[in-house]
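Report on the structure
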Amino acid sequence: MIVCSMKPMPRKSSIIKIDKLLIDYESEYHFLFSVLYRLAIEEERHLEEMYPIPNIARKFLESFLAFRVPLGSKEPNIYQRLNRIVDFDPKKKERIRRFVETHSHPRYESGVLDFDMSILGETPDILNDLMDLVREEDEKHYNFLVESVTGQKPAP
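1. Some words on the pairing of strand S1 (residues 2–5)
Of the strand pairs in this sheet, S1 and strand S2 (residues 12–15) are connected by 4 bridges, and their pairing is antiparallel. Bridge pairing links cysteine 4 to serine 13 in S2.

2. Thoughts on the side chain of arginine 81
For arginine 81, the location among the structural elements is in helix H5 (residues 78–83). A polar side-chain atom of arginine 81 sits 2.4 Å from the main-chain carbonyl oxygen of valine 69.

3. Side note on the packing of aromatic side chains
With the rule as written, the count across this model stands at 6 aromatic pairs. Geometrically, the ring pair formed by tyrosine 25 and phenylalanine 31 is edge-to-face, given 5.4 Å between the ring centres and 70 degrees between the ring planes. The exposure class of tyrosine 25 is buried, given its relative accessible area of 17%. By relative accessible area, which is 29% here, phenylalanine 31 ends up partly exposed. Ring centres of phenylalanine 33 and tyrosine 142 lie 6.0 Å apart, and the angle between their planes is 85 degrees; on these two criteria the pair is classed as edge-to-face. Of this pair, phenylalanine 33 sits in helix H2 (residues 28–41) while tyrosine 142 is found in helix H8 (residues 139–150), placing the two residues 109 residues apart along the sequence. For the residue pair phenylalanine 33 and tyrosine 142, the accessibility class agrees, reading buried in each case. Taken together, the ring pairs in this structure connect Tyr29, Phe33, Tyr37, Phe60, Phe64 and Tyr142 into an aromatic cluster. A cation over a ring is seen here: arginine 135 above tyrosine 142, with NZ or CZ 4.8 Å from the ring centre.

4. Notes on helix H4 (residues 53–68)
Here H4 spans 21 Å end to end across 16 residues, near enough to the 22 Å set by a 1.5 Å rise per residue. The set of residues buried in H4 consists of Ile53, Pro54, Ile56, Ala57, Arg58, Phe60, Leu61, Phe64 and Leu65.

Definitions and cut-offs
- Residues numbered from 1 in each chain as written.
- Predicted model: local features only at pLDDT ≥ 70, side-chain atom pairs only at ≥ 80, totals over all residues.
- Heavy atoms only, no water.
- Pairing = 2+ DSSP bridges.
- Helix = DSSP H or I, 4+ residues; strand = E, 2+ residues; numbered from the N terminus.
- Polar contact = N/O pair within 3.5 Å; in protein donor to acceptor, adjacent residues only side chain to side chain.
- Phe/Tyr/Trp six-rings, centres within 6.5 Å; stacked < 30°, edge-to-face > 60°.
- Buried < 20%, exposed > 50% of the residue type's maximum accessible area, 1.4 Å probe, protein only.
- Lys NZ or Arg CZ within 6 Å of the ring centre and 35° of its normal.
- Expected span 1.5 Å × (residues − 1).

Written out as structure tokens, the structure is:
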């Protein structure tokens, strides 16, 4: 892959070994799914791992919903797209929506970005809800995603 460097001047480009991320994943979407899936199935969790998850979940969910519920160029929000999915638990949909919309935006209540400790407690359950949403909406797609992450077909 080609990388550009400004230091030392003058600017120059180099060809380096391709990054493993570009080899392992066909797209950003597949990479985001792998991060969410692995955290959903892990037993031990740390706040450091959980903290960026609302942003990752939001980006993944927006891509999934744009594909699954295309509503034109009006740029409908997550709420509008989730409402069009009728065969999934409404409470889980709302929990997912609230999680990605609330926690993916910084909070500055004390004048600095505050750590929200509730993320550690609720993230695993919400990630499982998100996995359920994808599986129930498009089981074949979900199974292919899992297989791309684990190298194995999911158990029925």
